[in-house]
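Chains, contacts and geometry: an overview
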Amino acid sequence: MKKRQLISLKKIFTNINKHFNNKLGTTCVIPKFNNHFINTLPCHQFKHFSTCTFNFNKNNISKHAESVGNITGRRPMEVYKELIKKEVLSEDPRQLELIKRLDKLYEQLIGYDIKSARQIIADYIANTNNNNNNDDDDNIILSTTSTKNIVFDPKKISREIKPHPPSLPKSLYIYGDVGCGKTMLMDLFYQCLPIHKKLRIHFNSFMIDFHTKMHQLSKINKDGNANMEKLMDEIADKYILLCFDEFQVTDIADAMILKRLFEGLLNRGVVVVKTSNRKPESLYEGGINREAFISFIDVVNLKYDVFDMEAVNDYRLSSKNKSTNVYYTPANKENELKLEALFKILIQGCEPEPYPIMVMNRVITIPKAARGVAFCTFDFLCKQARSAVDYIGICKEFHTIILHGIPVFNNSNRDHMRRFITLVDELYQHRVKLICTAEKPVEELLNFSESETYDEVFAFDRTISRLMEMRSKEYLMSHHVTLSTQKNIYQHVA
């Protein structure tokens, strides 16, 4: 590394130390110039699914479940009926049908032996191959069917997807419009289930962790196939149940591995529950090289119980909570000054400064921040090349984001729209408060023709619903799920 680059890094390190000193309680020693300098920078220790336990955030359902106390070990159907009886939830025929299926899955997973299931799956696939031995290709044992009890060749891929043994619990793919209750019911099921080897995680976070772990393994072994098999074995050893919220596919890197990844996990005995806004056939619609992704859709349709919520009402939009003015239109100078005034109130007399954050060995410097509040422009957060991991890093640092200049979205700024969708997803997951200006009201932010059926257009329905909910008093008074200190901004914006 050149000396000029190291001097520049030293300045960054000194600046970061200034901000992290109070938070960490210690000052990091500035090291000598060497090639490992960057590795000494303070950074977040992201929790990876393969190396530690994920702390499930109960905030998503606590507002419902708290009225019936501790629900661990209780049947999902029993809890759901009690919530209806207490008028916490409204009776909904599709929710009732889904909770029946989740209740059945709950019963199947009590006492579930994943090691025995692996052998049943291996035998079932072997028998299926023998019954179809007219085609030599069908006699190949999939790398994705491998378990520690059978031999596999990771370089061979069968063209045929084998069905799941009917005697074992079947994974569940739940799709429907935003606000129909699918995530709430999945979380209720998750919290009821009294097993420890389970993980509930946002799909974006899971894939970030997966790619990160694959990169780490590639430094030790260059065989990508073997690394993927090893990582799938690790996941299957650690978890019996995986619950994914907001399953969507917009990244080609994810799209190309999903078939192998999830078929591999299912064939190792892992049970998967996913919620999505899209039916399987509409996933990754219009994506690059989509024909290579179609086999994953076949996996979902053959190996999962696919459930359509067919919801009419968005229960989040019909909430009794009053909307609060944290969304200003248009994005002009007058409304920007209103954001500046709110920013000054929230930082309580502190002097705002640039705030550097370390994310995956990269420095992102927030232009202006203080006391857990960041002031950014849309151009800074969504026009620059950013990914979910950047937004997660930002959400871990700030309980409130003030954002100026959300535009109307059309085909010309679809990349910015995709980043905005991801940003809102992460803000919502972390219960970060959003105060913003936009060119148009929430319902008028899209300007696409009916023929432009991009995946982002469908995903934006979820974004609209979340932006509406994030204006409610209940959301504004909720805890930021990363910081331990409660930051109530409702009194300042009501």
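Basis of the calculations
- Residues numbered from 1 in each chain as written.
- Predicted model: local features only at pLDDT ≥ 70, side-chain atom pairs only at ≥ 80, totals over all residues.
- Heavy atoms only, no water.
- Pairing = 2+ DSSP bridges.
- Helix = DSSP H or I, 4+ residues; strand = E, 2+ residues; numbered from the N terminus.
- Salt bridge = Lys/Arg side-chain N within 4 Å of Asp/Glu carboxyl O.
- Buried < 20%, exposed > 50% of the residue type's maximum accessible area, 1.4 Å probe, protein only.
- Phe/Tyr/Trp six-rings, centres within 6.5 Å; stacked < 30°, edge-to-face > 60°.
- Lys NZ or Arg CZ within 6 Å of the ring centre and 35° of its normal.
- pLDDT = per-residue confidence, 0-100.
- Contact = heavy atoms within 4.5 Å.
- Expected span 1.5 Å × (residues − 1).
- Patch = residues over 30% accessible without salt bridge, like charges linked within 9 Å, V, L, I, M, F, W, Y side chains within 5 Å.
- Areas by Shrake-Rupley, 256 points an atom, 1.4 Å probe, with all protein chains shown as cover.
- Core = buried A, V, L, I, M, F, W, Y, C linked by side-chain atoms within 4.5 Å.
- Axes fitted to C-alpha atoms, helices over the stretch in contact; angles between N-to-C directions.
- Parallel < 35°, antiparallel > 145°, perpendicular 65-115°, else oblique.
- Right-handed = clockwise from strand over helix to strand, strands pointing away.

Sheet strands associate in pairs through backbone hydrogen bonding, adopting either a parallel or an antiparallel arrangement. If you trace the 6 strands from one edge of the open sheet to the other, you get 6-11-10-9-8-7, paired in mixed fashion. The strands lining the two open edges of the sheet, one partner per strand, are strand 6 (327-328) and strand 7 (353-359). As paired elements, strand 8 (residues 362-370) and strand 9 (residues 373-377) share 3 bridges and run antiparallel to each other. Counted as the bridge partner of A370 is V373 from strand 9.

This next bit is on the pattern of salt bridges. For the coordinates displayed, the defined rule picks out 27 salt bridges. The shortest N-O distance in the salt bridge between R101 and D305 comes to 2.8 Å. Here D305 lies in strand 5 (residues 304-308) and R101 lies in helix 4 (residues 93-109), a separation of 204 residues in the sequence. For R101, a relative accessible area of 29% gives the class partly exposed.

Moving on: the packing of aromatic side chains. Between two aromatic rings, the relevant description is the distance of the centres plus the angle of the planes. Tallied over the entire structure, the rule returns 22 aromatic pairs. Note on F203 and F244: the rings are 5.9 Å apart at their centroids and 85 degrees apart in plane angle, and the pair reads as edge-to-face. Of this pair, F203 sits in helix 7 (residues 203-218) while F244 sits in strand 3 (residues 241-245), and the two are 41 residues apart along the sequence. In this structure an aromatic cluster arises from ring pairing among Y173, Y175, F203, F206, F244, F247, F262, Y284, F293 and F296. A cation over an aromatic ring shows up here: K274 above the ring of F247, its NZ or CZ 4.4 Å from the ring centre. In this structure, K274 packs its charged tip against the face of F262, placed 3.6 Å from the ring centre.

Averaged over all residues, the pLDDT of the protein chain equals 79, while 74% of them reach at least 70. For residues 1-62, every residue scores under 50 in pLDDT, and the model assigns this stretch 112 contacts once sequence neighbours within four places are set aside. Overall, residues 134-159 carries pLDDT values under 50, and its contacts beyond four positions in sequence, including any with other chains, amount to 49 contacts.

Before going further, it helps to spend a moment on helix 12 (residues 333-347). When the terminal C-alpha atoms of helix 12 are compared, their 21 Å separation across 15 residues agrees well with the 21 Å that a helix rising 1.5 Å per residue should span. Positioned one or two residues after helix 12, Q348 has a phi angle of 50 degrees, which is positive.

So, on to a nonpolar patch on the surface. A surface patch of nonpolar side chains, amounting to about 260 Å² of accessible area, comprises I252, M256 and I288. For I252, the position within the fold is in helix 9 (residues 252-255).

Turning to the nonpolar core, a few remarks are in order. Ranked by size, the top nonpolar core spans 76 residues in total, and within it F189, L241 and F262 carry the most contacts. Sorting elements by how many residues they give to this core places helix 6 (residues 182-192) first, with 7 residues. By size, the runner-up hydrophobic cluster in this structure holds 47 residues, among which are I357, F409, L423 and A438.

Sheet architecture is open: 5 strands sit in the order 2-3-4-1-5, paired in parallel fashion. Either end of the sheet is taken by a strand with one partner, and the two such strands are strand 2 (198-202) and strand 5. Averaged over all pairs of adjacent strands, the angle between strand axes in this sheet comes to 10 degrees, irrespective of strand direction. Note that strand 3 and strand 4 (residues 271-276) share 4 bridges and pair parallel. Looking across to strand 4, one finds that L242 is bridged to V272. Helix-sheet contacts for helix 4 involve strand 1 (171-175), strand 3, strand 4 and strand 5, and the interaxial angle to strand 5 is about 160 degrees.

Attention now moves to the packing of helix 3 (residues 76-85) against helix 4. Relative placement of two packed helices is described by the angle separating their axes and the distance separating the axes. Look at helix 3 against helix 4: their axes get within 8 Å of each other, and the N-to-C directions meet at 150 degrees. One way to sum up the angle between helix 3 and helix 4 is to call them roughly antiparallel. Note on element contacts: helix 4 touches helix 3 through Q95, L96, I99, K100, L102, D103 and Y106, opposite P76, M77 and Y80.

A few words on the pairing of strand 11 (residues 433-438). For strand 11, the buried fraction is high: 6 of the 6 residues fall into the buried class. Burial of the side chains of strand 11 extends over both faces: K433, I435 and T437 are buried on one face and L434, C436 and A438 on the other. Both strand 6 and strand 11 contribute to a ladder of 2 bridges, which runs parallel. Within the sheet, the bridge partner assigned to Y328 lies in strand 11 and is T437. In this structure, strand 10 (residues 400-406) lies alongside strand 11, joined through 5 bridges in parallel fashion. Its bridge partner lying in strand 11, I402 is registered against I435. Read from strand 10 through helix 15 (residues 414-429) to strand 11, the crossover connection turns out right-handed.

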